Amino acid sequence: GPGDVMRVVEAQGVVRARDKAFIRVGSRLKGQILKMHVRTGDVVRAGQLLAELDDRELQTQRRQAQARLDSAQNELARLEALKPRRMEEARAALSADQGRSEYAAGLNRKRQTLRDSSHIPQSDLDLAQRDAKAAAQAVIQDRQALGRIEKEFEHDLERASRSVDEARAAVAQVDAFLSMTRVE
């Protein structure tokens, strides 16, 4: 019958309607028509808005996707701002413990000299040696903590960056669907 597709042909080129021809137009998106801008039989121009589909659900999805994107961007920004501070704190702790370790090692050497000449009891030397070992151990732990903080931040920043990318893609997908609610 009239309007039935008899054969499908794939080709490149320009399609022109014959005078007084009827063309069926549709959207790639299913939905309820919210507003018709033309009536059957109206003459239309290329690019003219013909109809608008109800986009309320998509607008809600868009707001939700944007909220997820905003949240992901805020988390990434928070981590990016926090990393230098946390790294500086860890470096400061390491520097302070290195200073304490150097002081304790120097004190230990002095006490060893005093003990060798019998000017102080063995207990004073033992205390200085324990302090020097504890301070050296604190430096080792600080170096490990600095490395661990760096790795954790790198992991967290990568995860947050992926979340931003995923949220941005979700917004773009909803935007693509929204663009389909305008039939031209």
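Relevant structure appears above.
Not measured: the values here are computed from a predicted model.

Caption draft 1: A look at the overall build of the protein chain. Secondary structure summary: the protein chain contains two helices and three strands in total. Moving toward the C terminus, one meets the helices and strands of the protein chain in the order β-β-α-α-β. In the protein chain, of all internal contacts separated by at least 6 residues, the share reaching a separation of at least 24 is 72%. Carbon and sulfur atoms make up 50% of the accessible area of the protein chain, which totals about 14300 Å².

Caption draft 2: Fine view of helix α1 (residues 56-116). For α1, spanning 61 residues, the distance from its first C-alpha to its last is 88 Å, which sits close to the expected 90 Å at 1.5 Å a residue. Residue L82 marks the point of greatest curvature in α1, where the axis turns by about 30°; the proline P84 follows within four residues.

Caption draft 3: Broad picture of the nonpolar core. By size, the foremost hydrophobic cluster in this structure holds 18 residues, and its most contacted members are L69, L76, L79, L146, I149, F153 and V164. Of all elements in the fold, only α1 and α2 (122-179) reach the threshold of two or more residues within this core. Sequence-distant contacts of L79, defined by excluding residues within four places in its chain, comprise F153, D156, L157, R159 and A160.

Caption draft 4: Structural detail: unusual backbone geometry. Although it is not a glycine, S118 adopts a positive phi angle of roughly 60°. Among the structural elements, S118 can be located in the loop between α1 and α2. We classify S118 as exposed; its relative accessible area is 57%.

Caption draft 5: Looking closely at the environment of I149. For I149, the position within the fold is in helix α2. What makes I149 buried here is its relative accessible area of 10%. For the pair I149 and A90, spaced 59 residues apart in sequence, the C-alpha separation works out to 8.2 Å. Here I149 is in contact with R86, M87 and A90, once residues within four sequence places are set aside.

Caption draft 6: Highlighting the sheet that holds strand β2 (residues 51-53). Spatially, three strands are ordered β1-β2-β3 in an open sheet, and the strand pairing comes out antiparallel. Both outer strands of the open sheet, β1 (33-36) and β3 (182-183), are each paired with one neighbouring strand and no more. Note: β2 against β3, two bridges, orientation antiparallel. Paired with E52 across the two strands is R182, which belongs to β3.

Caption draft 7: Examining the side chain of S101 more closely. Counting through the fold element by element, S101 comes out in helix α1. Setting aside its immediate chain neighbours within four residues, S101 contacts A135, A136 and V139.

Caption draft 8: Fine view of the packing of α1 against α2. One way to put it is that α1 packs onto α2 with a least axis distance of 7 Å and a crossing angle of 170°. Here α1 lies roughly antiparallel to α2, going by the angle between them. In this structure, α1 crosses over α2, and the sense of that crossing is left-handed. Among the residues making up the contact of α1 with α2, the classes are represented as 32 nonpolar, 12 polar and 21 charged.

Caption draft 9: Local environment of the environment of R159. Positionally, R159 belongs in helix α2. A sequence separation of 87 residues divides R159 from A72, and the C-alpha atoms of the two residues are 9.8 Å apart. With residues up to four places along the chain from it excluded, the contact list for R159 reads E75 and L79.

Caption draft 10: Structural view of the pattern of salt bridges. Under the defined criterion, the tally for this structure stands at nine salt bridges. Of the charged contacts in the structure, one is a salt bridge between D175 and R62, with a shortest N-O distance of 2.4 Å. Placement of the pair is D175 in helix α2 and R62 in helix α1, with a sequence separation of 113 residues. D175 sits in the partly exposed class, given a relative accessible area of 31%. Given the relative accessible area of 22%, R62 is considered partly exposed. One salt bridge connects E154 with K83, and the closest N-O pair in it is separated by 2.4 Å.

How each quantity is defined
- Residues numbered from 1 in each chain as written.
- Predicted model: local features only at pLDDT ≥ 70, side-chain atom pairs only at ≥ 80, totals over all residues.
- Heavy atoms only, no water.
- Helix = DSSP H or I, 4+ residues; strand = E, 2+ residues; numbered from the N terminus.
- Contact = heavy atoms within 4.5 Å.
- Areas by Shrake-Rupley, 256 points an atom, 1.4 Å probe, with all protein chains shown as cover.
- Expected span 1.5 Å × (residues − 1).
- Bend = angle between axes of the 7 residues up to and from the residue.
- Core = buried A, V, L, I, M, F, W, Y, C linked by side-chain atoms within 4.5 Å.
- Buried < 20%, exposed > 50% of the residue type's maximum accessible area, 1.4 Å probe, protein only.
- Pairing = 2+ DSSP bridges.
- Axes fitted to C-alpha atoms, helices over the stretch in contact; angles between N-to-C directions.
- Parallel < 35°, antiparallel > 145°, perpendicular 65-115°, else oblique.
- Left-handed = near helix turned anticlockwise from the far one by under 90°.
- Nonpolar A, V, L, I, M, F, W, Y, C, P; charged D, E, K, R; others polar.
- Salt bridge = Lys/Arg side-chain N within 4 Å of Asp/Glu carboxyl O.

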